[in-house]
Amino acid sequence: MKEVLRETVRQRAGFRCEYCLLPAKYSILDFEIDHIIPEKHGGLPEQDNLALACCYCNRFKGPNLSGIDPLTGAIIRLFNPRRDKWAEHFFWSDSKLGGKSPIARVTISVLEMNLPGHLRLRTALAAEGVFPYV
């Protein structure tokens, strides 16, 4: 992937993860370019299929397109940063990320967005006055 495309994706995302909203400047690990529709499922390395993701969200997402809603048991697609509006699906409850929709619940579950380490980081950032990120 060309560096100009990578930079376009980073800038469009405001240099924060398009899934959990963590700003890149608060991560010790480099952010990655995620294929929203993974290449193994026919996704192309084009702007409309790319999102900036922290390494945790990207690694847990992997090649997944969907997951099982922990509330209903239904198979639901993951959040798509190009199609979906973050605030319509997610909300913050202190340091914990919550879901307003089945898409959000599945995304939170598959990407394991509320692991104890994530909660500790968000709590520390809240103490510094830089969280929540929205």
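Whatever comes next refers back to the structure up there.
Asker: Just to check I follow, could you spell out the overall build of the chain for this structure?
Answerer: Scanning the chain for helices and strands turns up five helices and six strands. Listed by position from the N terminus, the elements making up the chain come as α-β-β-α-β-β-α-β-β-α-α. For the chain, whose C-alpha radius of gyration is 14 Å, the value lies close to the compact-globule estimate of 14 Å for 134 residues. Once the C-alpha set of the chain is aligned to its principal axes, its extents read approximately 40 × 35 × 20 Å. Burial analysis of the chain (134 residues in total) assigns 45% to the buried set. Long-range pairs, those at least 24 residues apart, make up 56% of the contacts in the chain with a sequence separation of at least 6.

Asker: What should I look at first to understand the packing of aromatic side chains in this one?
Answerer: Ring pairs (aromatic) are described by centroid distance and by the angle formed between their planes. Across all of its chains, the model carries five aromatic pairs by this definition. Each ring, one from Tyr-19 and one from Phe-79, has its centre 6.3 Å from the other, and the planes form 75°; the classification is edge-to-face. With Tyr-19 in the loop between helix H1 (3–12) and strand E1 (32–35) and Phe-79 in the loop between strand E4 (75–77) and helix H3 (86–89), this pair connects stretches of sequence that are 60 residues apart. Residue Tyr-19 shares its accessibility class with Phe-79, and that shared class is buried. Aromatic rings pair up to connect Tyr-19, Phe-79, Trp-86, Phe-90, Trp-92 and Phe-131 into one cluster.

Asker: Where do I start with the nonpolar core in this structure?
Answerer: The tendency in soluble globular proteins is for nonpolar side chains to be buried side by side. Judged by nonpolar contacts, the single largest core of 34 residues is most densely connected at Cys-17, Tyr-19, Cys-57 and Met-113. Within the residue set of this core, elements represented by two or more residues are H1, strand E2 (50–53), strand E5 (90–93) and helix H4 (102–110). Residue contributions to this core peak at five residues, all from H4. Residues in contact with Cys-57, not counting those within four places in the same chain, are Cys-17, Tyr-19, Cys-20, Leu-111 and Met-113.

Asker: What should I look at first to understand the layout of surface pockets in this one?
Answerer: Think of a ball as big as a water molecule: rolled over the atoms, this probe shows where empty space is left. By volume, the largest pocket amounts to about 230 Å³. Lining the largest pocket are 14 residues, with Leu-22, Tyr-56, Gly-117, His-118 and Leu-121 positioned closest to its centre. At the level of secondary structure, the elements contributing two or more residues to the lining of the largest pocket comprise helix H2 (55–61) and helix H5 (116–127). The element that contributes the greatest number of residues to the lining of the largest pocket is H5, accounting for four residues. For the lining of the largest pocket, the per-class residue count stands at ten nonpolar, three polar and one charged. Of the pockets and cavities examined, the second largest pocket occupies roughly 190 Å³. If you trace the second largest pocket, you find 14 residues lining it, with Arg-16, Glu-18, Leu-21, Pro-81 and Trp-86 closest to the centre. Of the residues contributing to the lining of the second largest pocket, the split by class is eight nonpolar, no polar and six charged.

Cut-off values and rules
Here the residue numbers are simple positions, counted from 1 along each chain's written sequence. Only residues with pLDDT of at least 70 are given local features in this predicted model, and only at 80 or more are side-chain atom pairs given and counted; all residues enter the totals for whole chains, interfaces and linings. Hydrogens and water are ignored here; the side-chain numbers use all heavy atoms of the structure. Here a helix means four or more residues in a row that DSSP labels H or I, a strand means two or more in a row labelled E, and each is numbered from the N terminus. In this treatment the radius of gyration is a C-alpha quantity, and the globule benchmark scales as 2.2 Å times the residue count to the 0.38 power. Type-normalised accessible area, obtained with a 1.4 Å probe on protein chains alone, sets the label of each residue: buried when under 20%, exposed when over 50%, and partly exposed for intermediate values. Two residues qualify as a contact provided that any one of their heavy atoms is within 4.5 Å of a heavy atom in the partner residue. Here is the rule: rings of Phe, Tyr and Trp (six-membered ring for Trp) pair when centre to centre is within 6.5 Å. Planes less than 30 degrees apart are stacked, more than 60 are edge-to-face, and the remainder are tilted. What makes a nonpolar core is a set of buried Ala, Val, Leu, Ile, Met, Phe, Trp, Tyr and Cys residues whose side-chain atoms join them at distances within 4.5 Å. Buriedness of a pocket was judged along seven lines, with at least five required to meet protein on both sides within 12 Å; pockets are open sets of points on a 1 Å grid over the protein atoms alone, cavities are sets where a 1.4 Å probe fits but cannot get out, and lining residues have an atom within 4 Å of a point. Grid points are joined across faces, edges and corners, and a volume is the space filled by probe spheres set on the points. Under the scheme applied here, ten amino acids are nonpolar (Ala, Val, Leu, Ile, Met, Phe, Trp, Tyr, Cys and Pro), four are charged (Asp, Glu, Lys and Arg), and all others, including Gly, are polar.

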